[in-house]
Amino acid sequence: MLTVTILCIGKCKEKYWRDACAEYGKRLSAFCRFSIVELEESRVPDRASDAQIRQALSQEGARILSKAGDSALISLCIEGKEVSSPELSKRLQEMAVGGMSKVAFAIGGSWGLSEEVKKASLFRLSMSPMTFPHQLARVMLCEQVYRAFQIANDGKYHK
C-alpha cells in the first residue's frame, strides 16, 4: 500500500480547513497510508531582506527534505506543471507500479519552497496559475489525491 504524505510549512489555523483535511484523510485510508505533517515556519522580519528570506527558505527546505526521507517528492510551486486529475492519478499509479512505496507532496510557507526542495523533487506540480492561501491549497491537494485514487479504482466520485 502506497504511503502518501503532505508536508506543509506552518499550521492549519482554522478548524474548518483541518476538518476538511481530516475528512479526506479518512476517505483515503481505504486506498493508502495518508498523513499530513506540519513543519515549523521560519520567522522573518516584516521588512525582510532577500538574504533573510533565502535563509528562511533554506531552513524550511531542510525540514522538508529531512521529513521526506526516501519518499518520491512532489513540490507544489507556481512554476510547476498543471495536470488534470486523471493525469495526476496516472502519475501516482506509475510511481506505485514503478516500485515507489512513499510519495510526499511539499507545500511551502508564505515565501514558497527552497530551490533545494524543488531540485530534489521528482515532479513540480502547479494547482493553477492563480495564487491560493496555503491552507486552501492543502485541502485542494487532499481532495485531488483522493480523486486520483478514486479514478485509479474506477470509483464513482470522479465524473
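A quick note: this is a predicted structure, and the numbers were derived from the prediction, not measured.

### Topic: the pattern of salt bridges
For step 1, the next point in the chain: As enumerated under the stated definition, the model contains 14 salt bridges in all.
For step 2, the next point in the chain: Its salt-bridge partner being lysine 26, residue glutamate 23 comes within 3.3 Å of it at the nearest N-O pair. Remark: lysine 26 and glutamate 23 occur in helix H1 (residues 15-28); sequence separation between them is three residues, near one turn of the helix.
For step 3, the next point in the chain: The partly exposed category is assigned to glutamate 23, whose relative accessible area is 30%.
For step 4, the next point in the chain: Judged by its relative accessible area of 57%, lysine 26 is exposed.
For step 5, the next point in the chain: The closest approach of N and O atoms between arginine 147 and glutamate 143, which form a salt bridge, is 2.8 Å. Highlighted residues: arginine 147 and glutamate 143, both in helix H5 (residues 134-152), separated by four residues, approximately one helical turn.
For step 6, the next point in the chain: On the basis of relative accessible area, arginine 147 is assigned to the buried category, the value being 18%.

### A look at the nonpolar core
For step 1, the next point in the chain: Counting 27 residues, the largest nonpolar core has Val4, Ile6 and Phe105 as the members making the most contacts within it.
For step 2, the next point in the chain: Looking at this core element by element, the count peaks at seven residues for H5.
For step 3, the next point in the chain: Those residues in contact with valine 4, other than ones at most four positions away along the chain, are Cys32, Arg33, Phe34, Ser35, Val103, Phe105, Val145 and Phe149.
For step 4, the next point in the chain: Of all hydrophobic cores here, the second largest spans 10 residues; its members include Leu7, Ile64, Ala68 and Val117.

### What to know about the packing of H1 against H5
For step 1, the next point in the chain: Interaxial distance between H1 and H5 falls to 9 Å at its minimum, and their mutual angle equals 15 degrees. In terms of orientation, H1 lies roughly parallel with respect to H5. The handedness of the crossing between H1 and H5 comes out as left-handed. The segment H1 lies against H5, with Trp17, Ala20, Cys21, Tyr24, Arg27 and Leu28 engaging Gln135, Leu136, Arg138, Val139, Cys142, Glu143, Val145, Tyr146 and Phe149.
For step 2, the next point in the chain: Of the residues contributing to the contact of H1 with H5, the split by class is 11 nonpolar, one polar and three charged.

Analysis parameters
- Residues numbered from 1 in each chain as written.
- Predicted model: local features only at pLDDT ≥ 70, side-chain atom pairs only at ≥ 80, totals over all residues.
- Heavy atoms only, no water.
- Salt bridge = Lys/Arg side-chain N within 4 Å of Asp/Glu carboxyl O.
- Helix = DSSP H or I, 4+ residues; strand = E, 2+ residues; numbered from the N terminus.
- Buried < 20%, exposed > 50% of the residue type's maximum accessible area, 1.4 Å probe, protein only.
- Core = buried A, V, L, I, M, F, W, Y, C linked by side-chain atoms within 4.5 Å.
- Contact = heavy atoms within 4.5 Å.
- Axes fitted to C-alpha atoms, helices over the stretch in contact; angles between N-to-C directions.
- Parallel < 35°, antiparallel > 145°, perpendicular 65-115°, else oblique.
- Left-handed = near helix turned anticlockwise from the far one by under 90°.
- Nonpolar A, V, L, I, M, F, W, Y, C, P; charged D, E, K, R; others polar.

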